[in-house]
Amino acid sequence: MLTIQELVSDNADRIPFTWVGGQGAAHRLIPDLGMSAADLVGHLNLIHPSRIQVFGAEELAYYTRFDAKRRIHHLEDLVTGGVPAILMAEGVNPPDDLIEFCNLQQIPLLATSIDAAQLIDLLRIYLGKRLAPRTTAHGVFMDVLGVGVLITGESGLGKSELALELISRGHGLVADDAVELSRTAPHVIEGQCPALLQNLLEVRGLGLLDIRTIFGETSVRRKMKLKLVVHLIRSTPDAFERLPMQDQTQDILGTPIRRVMLQVAAGRNLAVLVEAAVRNTILTLRGIDTMGDFIERQAIAIMESSGRND
């Protein structure tokens, strides 16, 4: 849940807001009905009354064209539609009747000198992140070669030990145990660490390690975009395909994320395998399909062999 006051406070450094009217409704909620940020704030639009309405010079000129009775009628339509707030941009002065109406109806009315289009862009970015769908995943989230990697698996398989080895190889820790994931764009999942667990890694036998203090500033990251899930499983016969013909994915917040499965067994260097999986993921994102190329090469070899036999 997000209030108008929180929106004002969170953006104080970038957007200098001034309260003009309706400050008693500062804790009015901004509707979070799964709408995109573009539907939550925009230029004055009576067809979409439930979003934050922004007045620039052009919108104010449009509003003041009407007589007093028609203005009140349009404002009442906004109230009926559930307008969260009205923002005056570009340093324009709101008419007295608008201030009076907002005070009477307890509609937050704020003013700023920022250009209307820029104001809308800033607020859409903020709202997109602030109201993004979220979930918490159990695992270790790492930055490996610039790729966000979530290491998962049942308890006791050595996820934290693997993370510690990756950190010692120059990679970065984002979060251990609890990873906060949010969908900040239609196909973008972003992960970060809860404030309580920042920079900490729990390793069996050693307890909590402050990775930032031990390894330095470059060993931790604030957040990363999730591109790969590495799922650890116990070593059992026929646990999974040796050469999977299709890439595996895992659905996270409605977005398919590439997944690889690694068996945990004595003598296996999982850190090297994770690095290899990340390098292969980078190739895949660039459009290079190693398995597809091999199948094509194999098909050509079979055709050539058949031709010689004929």
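Scroll up a little and you will see the structure.
Residues numbered from 1 in each chain as written. Predicted model: local features only at pLDDT ≥ 70, side-chain atom pairs only at ≥ 80, totals over all residues. Heavy atoms only, no water.

Novice: So what about the overall build of the protein? Which residues, and what values?
Specialist: Along the backbone of the protein there are 9 helices and 16 strands. For 310 residues, the compact-globule estimate of 2.2 N^0.38 gives 19 Å, and the C-alpha radius of gyration of the protein, at 27 Å, exceeds that figure by more than 25%. The principal-axis extents of the C-alpha atoms in the protein amount to approximately 90 × 65 × 30 Å. When the 310 residues of the protein are sorted by exposure, 42% land in the buried category. Here the analysis covers contacts within the protein between residues at least 6 apart in sequence; of these, 70% occur between residues at least 24 apart. Accessible surface computed for the protein: about 16,900 Å², of which carbon and sulfur atoms make up 52%. Placing the 30 positive and 37 negative side-chain charges of the protein at their respective mean positions leaves the two points 3 Å apart. (Helix = DSSP H or I, 4+ residues; strand = E, 2+ residues; numbered from the N terminus. Rg over C-alpha atoms; globule rule 2.2 N^0.38 Å. Buried < 20%, exposed > 50% of the residue type's maximum accessible area, 1.4 Å probe, protein only. Contact = heavy atoms within 4.5 Å. Areas by Shrake-Rupley, 256 points an atom, 1.4 Å probe, with all protein chains shown as cover. Lys, Arg positive; Asp, Glu negative; His and termini not counted. Charge placed at Lys NZ, Arg CZ, Asp CG, Glu CD.)

Novice: A description of the sheet that holds strand 6 (residues 86-88) should follow, citing residues and the corresponding values.
Specialist: If you trace the 5 strands from one edge of the open sheet to the other, you get 2-7-6-5-4, paired in mixed fashion. Taken across any chain shown, the strands that pair with only one partner, and hence form the sheet edges, are strand 2 (18-21) and strand 4 (41-43). Averaged over all neighbouring strand pairs, the angle between strand axes comes to 30°, with direction disregarded. Pairing of strand 4 with strand 5 (residues 52-55) involves 3 bridges; the strand directions are parallel. Of the residues in strand 5, the one forming a bridge with histidine 43 is valine 54. (Pairing = 2+ DSSP bridges. Axes fitted to C-alpha atoms, helices over the stretch in contact; angles between N-to-C directions.)

Novice: Could you give me a rundown of a positive patch on the surface, with the residues and numbers involved?
Specialist: A surface patch of positive charge is lined by Arg14, Lys129, Arg222, Lys225 and Lys227. Checked against the element boundaries, lysine 225 lands in strand 14 (residues 223-234). (Patch = residues over 30% accessible without salt bridge, like charges linked within 9 Å, V, L, I, M, F, W, Y side chains within 5 Å. Salt bridge = Lys/Arg side-chain N within 4 Å of Asp/Glu carboxyl O.)

Novice: Lay out helix 5 (residues 116-130) with the relevant residues and their values.
Specialist: If you check helix 5, its first and last C-alpha atoms are 21 Å apart, about what 15 residues at 1.5 Å a residue would give, namely 21 Å. The secondary structure elements touched by the buried residues of helix 5 are strand 1 (2-3), helix 1 (4-10), strand 3 (29-30), strand 4, strand 5 and strand 6. The N-terminus of helix 5 is capped by aspartate 115, whose side-chain oxygen sits 3.1 Å from the backbone nitrogen of alanine 117. (Expected span 1.5 Å × (residues − 1). Polar contact = N/O pair within 3.5 Å; in protein donor to acceptor, adjacent residues only side chain to side chain.)

Novice: Help me get a handle on helix 6 (residues 159-168), residues and values and all.
Specialist: The buried count for helix 6 comes to 7 of 10 residues, which makes it a mostly enclosed element. Looking one or two residues beyond helix 6, the residue adopting positive phi is glycine 170, at roughly 105°.

Novice: I'd like to hear about unusual backbone geometry, residue by residue, with values.
Specialist: Residues other than glycine seldom take positive phi values, yet leucine 145 does so here, at roughly 60°. Among the structural elements, leucine 145 can be located in the loop between strand 8 (134-144) and strand 9 (147-153). With a phi close to 70°, asparagine 199 is a non-glycine residue in the positive phi region. Its place among the elements puts asparagine 199 in the loop between strand 11 (188-192) and strand 12 (200-203). By relative accessible area, which is 18% here, asparagine 199 ends up buried.

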